[in-house]
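So the chains spell out like this:
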Amino acid sequence: VQLQASGGGLVQAGGSLRISCAASGRTSVVNTMGWFRQDPGKEREFVAAYNWRAGTTEYTDSVKGRFRITKDNAKDMVYLQMNSLIPEDTAAYYCSAGQIPIGRPMDLSAYYAYWGQGTLVTVSS
């Protein structure tokens, strides 16, 4: 499975941005796609994930109510709509994909076997 992230950029605090991840290859082997982010000098952290077989989503607390993850099944695309952005959201955002058993938490990076390159999101104050 190959993943290609895009859509990052510079946005002012309070603004919105949508980043995308295109999946290709043997996408039938995965059931979950997620987004992680990493700021230089910090550990990579979970942001959001969507298990389309279970129809469930999961978000880290700091983005609940502001971010929304969706999937376009026809295009094998996953989107992360980010609203009310704050400077603390500044990071490189990485999309990921994996086969996660239904009922298991989706916030562990070890569950994701496939990773795309990062797309940089910068939120100015």
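See the structure printed just above.
What counts as what
- Residues numbered from 1 in each chain as written.
- Predicted model: local features only at pLDDT ≥ 70, side-chain atom pairs only at ≥ 80, totals over all residues.
- Heavy atoms only, no water.
- Pairing = 2+ DSSP bridges.
- Helix = DSSP H or I, 4+ residues; strand = E, 2+ residues; numbered from the N terminus.
- Axes fitted to C-alpha atoms, helices over the stretch in contact; angles between N-to-C directions.
- Buried < 20%, exposed > 50% of the residue type's maximum accessible area, 1.4 Å probe, protein only.
- Core = buried A, V, L, I, M, F, W, Y, C linked by side-chain atoms within 4.5 Å.
- Contact = heavy atoms within 4.5 Å.

Visitor: Sorry if this is basic, but what is going on with the sheet that holds strand β4 (residues 32-38) here?
Guide: Strands belonging to one sheet form pairs held by backbone hydrogen bonds; the direction of such a pair is parallel or antiparallel. With mixed pairing, the 6 strands of this open sheet are ordered in space as β2-β10-β9-β4-β5-β6. Here the strands that pair on one side only, and so sit at the sheet edges, are β2 (9-12) and β6 (56-59). Averaged over neighbouring strand pairs, the angle between their axes works out to 20° when direction is ignored. Here strand β5 (residues 45-51) runs beside β6; their pairing, made up of 4 bridges, is antiparallel. In the sheet register, N51 faces β6, and the bridge partner there is T56.

Visitor: How should the pairing of strand β1 (residues 2-6) be read in this particular structure?
Guide: In regular strands, side chains alternate between the two faces of the sheet. The alternating pattern of β1 places L3 and A5 on a buried face and Q2, Q4 and S6 on a face that is not buried. The pairing of β1 with strand β3 (residues 17-24) spans 5 bridges and is classified as antiparallel. Bridging from a neighbouring strand, S6 pairs with S20 of β3.

Visitor: Looking at this structure, I do not really get the nonpolar core. What am I missing?
Guide: Inside soluble globular proteins, nonpolar side chains tend to come together where they are buried. If you look at the biggest cluster of nonpolar residues, it comprises 29 residues, and the most contacted ones within it are W35, L80, M82 and Y93. At the level of secondary structure, the elements contributing two or more residues to this core comprise β1, β3, β4, β5, β7 (67-72), β8 (77-82), β9 (91-98) and β10 (114-124). Apart from residues lying up to four places away in sequence, L80 is in contact with L17, R18, I19, W35, V47, A48, F67, R68, I69 and Y93. If you look at the next biggest cluster of nonpolar residues, it comprises 6 residues, including F36, F46, M106 and Y112.

Taken by themselves, the reported measurements are silent on function.
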